[in-house]
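Structural overview for review
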Amino acid sequence: MAALLKRLMLQTLRTENNCIRRCFDKHIVQKTVPAQLSLVASAPRLPYLIHAKRFSTVEDSQDERKTKKKNDTTFSNIGRKIGERIIRVLDEKGNDLGNMHRADAIRLMEERDLRLVRRNASTEPPEYQLMTGTQIHQERLRLRDMEKAKLKPGPAVRKELTFSSNIEQHDLDTKSKQIQQWIEKKYQVQITIKKGKNADEQENKMEEILNQIVQTMPGIATFLSKPQPVKGGKGLMCVLRHLTKKEEMAHGDLQEAQKRDIVNKENGNDKESNVLHQ
């Protein structure tokens with residue numbers, strides 16, 4: 001009898017536990033479904049979130065850094081637009097006034113009726129200087145002259161070539177091509193021709209060879225220094241260079257004029273021949 005009562009009590013407890021579990025699961029499902037629906041409904045708002053990200057502080061700071069880099073390349077009055085809180089200040093005479101708050105620097109600038117210029121943004125803290133308008137203008141001119149000096153080409157590279165006047169024509173053609181390649185690279189070419197051992201050689205043969213080399217490069221090369229005797233008259237030396245732009249234009253104009261003269265002469269000869277035939 002006692003065992004039967006114990007079994008009935010266990011069945012009753014199991015039934016109650018099952019009912020409680022089903023009710024709890026049903027409650028969770030009812031809470032979860034609306035939450036999922038709300039997530040689905042909010043999905044179209046994602047583009048707005050993406051759009052809002054474009055105005056984030058990270059990108060703003062990147063834009064500020066780009067702007068600072070552009071400003072660092074120019075030398076001008078920045079006025080009250082000081083990005084740093086603490087800066088190092090020099091006065092208009094170059095004296096170091098030490099570190100100060102940007103508000104104090106602006107106040108000093110206004111009291112002295114000066115401009116504020118960023119001198120060095122890479123130091124810590126950045127270096128600024130108080131200057132007059134005239135000083136800023138003079139400094140700009142100085143920096144411009146420095147930039148022009150950097151752009152000026154350095155000394156021309158000079159190549160040297162030495163050979164005998166007994167050179168064969170094939171070898172001379174090869175050397176002429178090498179010289180032309182150097183000239184096209186804007187190099188100067190120093191050519192030295194040594195007098196051959198042939199007793200029957202013409203006196204002006206060395207000069208003729210140099211002129212022949214120059215004639216192979218019309219509109220490209222000319223003499224930087226004319227042929228001059230060296231080694232006690234046993235050799236001849238000259239230096240070739242590339243034509244300047246003005247000389248190239250003059251050479252082109254001369255070529256055009258010569259072509260027009262040839263055409264005019266040919267047309268004139270044709271007219272004379274027609275007259276004779278008549």
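As recorded by an unreviewed UniProt entry, the protein chain carries the name Translation initiation factor IF-3, mitochondrial and is attributed to Ictidomys tridecemlineatus. Listed in UniProt under the heading Sequence similarities (unreviewed entry), the comment for the protein chain reads: "Belongs to the IF-3 family." According to the UniProt record, the Function (unreviewed entry) comment for the protein chain reads "IF-3 binds to the 28S ribosomal subunit and shifts the equilibrium between 55S ribosomes and their 39S and 28S subunits in favor of the free subunits, thus enhancing the availability of 28S subunits on which protein synthesis initiation begins."

1. Examining the sheet that holds strand 3 (residues 115–120)
Pairing between the strands of a sheet comes from backbone hydrogen bonds, and it takes one of two forms, parallel or antiparallel. Read across the open sheet, the four strands follow the order 2-1-4-3; overall the sheet is mixed. Unpaired on one side and paired on the other, strand 2 (96–101) and strand 3 mark the two borders of the sheet. Between one strand and the next, the sheet's axes are offset by a mean angle of 35°, whatever the strand orientation. In the sheet, strand 1 (residues 86–90) pairs with strand 2 via five bridges, with the strands oriented antiparallel. Paired with leucine 90 across the bridge in strand 2 is aspartate 96.

2. Notes on the packing of helix 6 (residues 169–184) against helix 7 (residues 205–215)
The geometry of helix 6 relative to helix 7 is characterised by a closest axis approach of 10 Å and an angle of 50° between their N-to-C directions. Between helix 6 and helix 7, the crossing angle belongs to the class labelled oblique. The handedness of the crossing between helix 6 and helix 7 is right-handed. Within the contact between the two elements, helix 6 uses Gln169, Leu172, Ser176 and Ile179 and helix 7 uses Ile209, Gln212 and Ile213. A class-by-class count of the residues in the contact of helix 6 with helix 7 yields four nonpolar, three polar and no charged.

3. What to know about the pairing of strand 8 (residues 235–242)
Along strand 8, eight of the eight residues are buried, which leaves the element largely enclosed by surrounding structure. What you see with strand 8 is no split at all: Gly235, Met237, Val239 and Arg241 on one side and Leu236, Cys238, Leu240 and His242 on the other are buried throughout.

4. Some details on the nonpolar core
Phe163, Ile179, Ile183, Ile191, Ile213, Met217 and Leu240 are the most contacted members of the largest nonpolar core, which totals 22 residues. Of all the secondary-structure elements, those providing two or more residues to this core are strand 5 (158–164), helix 6, strand 6 (188–194), helix 7, strand 7 (221–230) and strand 8. It is helix 7 that provides the largest number of residues to this core, a total of five residues. Each residue touching isoleucine 191, except ones within four places of it in the same chain, is listed here: Leu161, Phe163, Ile179, Leu210, Ile213, Leu236, Met237, Cys238 and Leu240. Judged by nonpolar contacts, the second largest core, of 13 residues, contains Ile78, Ile87, Leu108 and Leu130.

5. Examining the sheet that holds strand 7
Taken together, the four strands give an open sheet; going across it, the order is 5-6-8-7, and neighbouring strands pair in mixed fashion. If you trace the sheet from one side to the other, it starts and ends with strand 5 and strand 7, each paired once. Looking at each pair of strands side by side, their axes are set apart by 15° on average, direction ignored. In terms of strand pairing, strand 5 meets strand 6 through seven bridges, oriented parallel. Residue pairing across strands places phenylalanine 163 opposite isoleucine 193, the latter belonging to strand 6. With respect to the sheet, helix 6 is in contact with strand 5, strand 6, strand 7 and strand 8, its orientation differing from that of strand 5 by roughly 170°. Contacts between helix 7 and the sheet are confined to strand 5, strand 6, strand 7 and strand 8, with strand 8 contributing the most and set at about 15° to the helix.

Conventions used here
- Residues numbered from 1 in each chain as written.
- Predicted model: local features only at pLDDT ≥ 70, side-chain atom pairs only at ≥ 80, totals over all residues.
- Heavy atoms only, no water.
- UniProt positions renumbered as here; feature names shortened; annotations may be inferred.
- Pairing = 2+ DSSP bridges.
- Helix = DSSP H or I, 4+ residues; strand = E, 2+ residues; numbered from the N terminus.
- Axes fitted to C-alpha atoms, helices over the stretch in contact; angles between N-to-C directions.
- Parallel < 35°, antiparallel > 145°, perpendicular 65-115°, else oblique.
- Left-handed = near helix turned anticlockwise from the far one by under 90°.
- Contact = heavy atoms within 4.5 Å.
- Nonpolar A, V, L, I, M, F, W, Y, C, P; charged D, E, K, R; others polar.
- Buried < 20%, exposed > 50% of the residue type's maximum accessible area, 1.4 Å probe, protein only.
- Core = buried A, V, L, I, M, F, W, Y, C linked by side-chain atoms within 4.5 Å.

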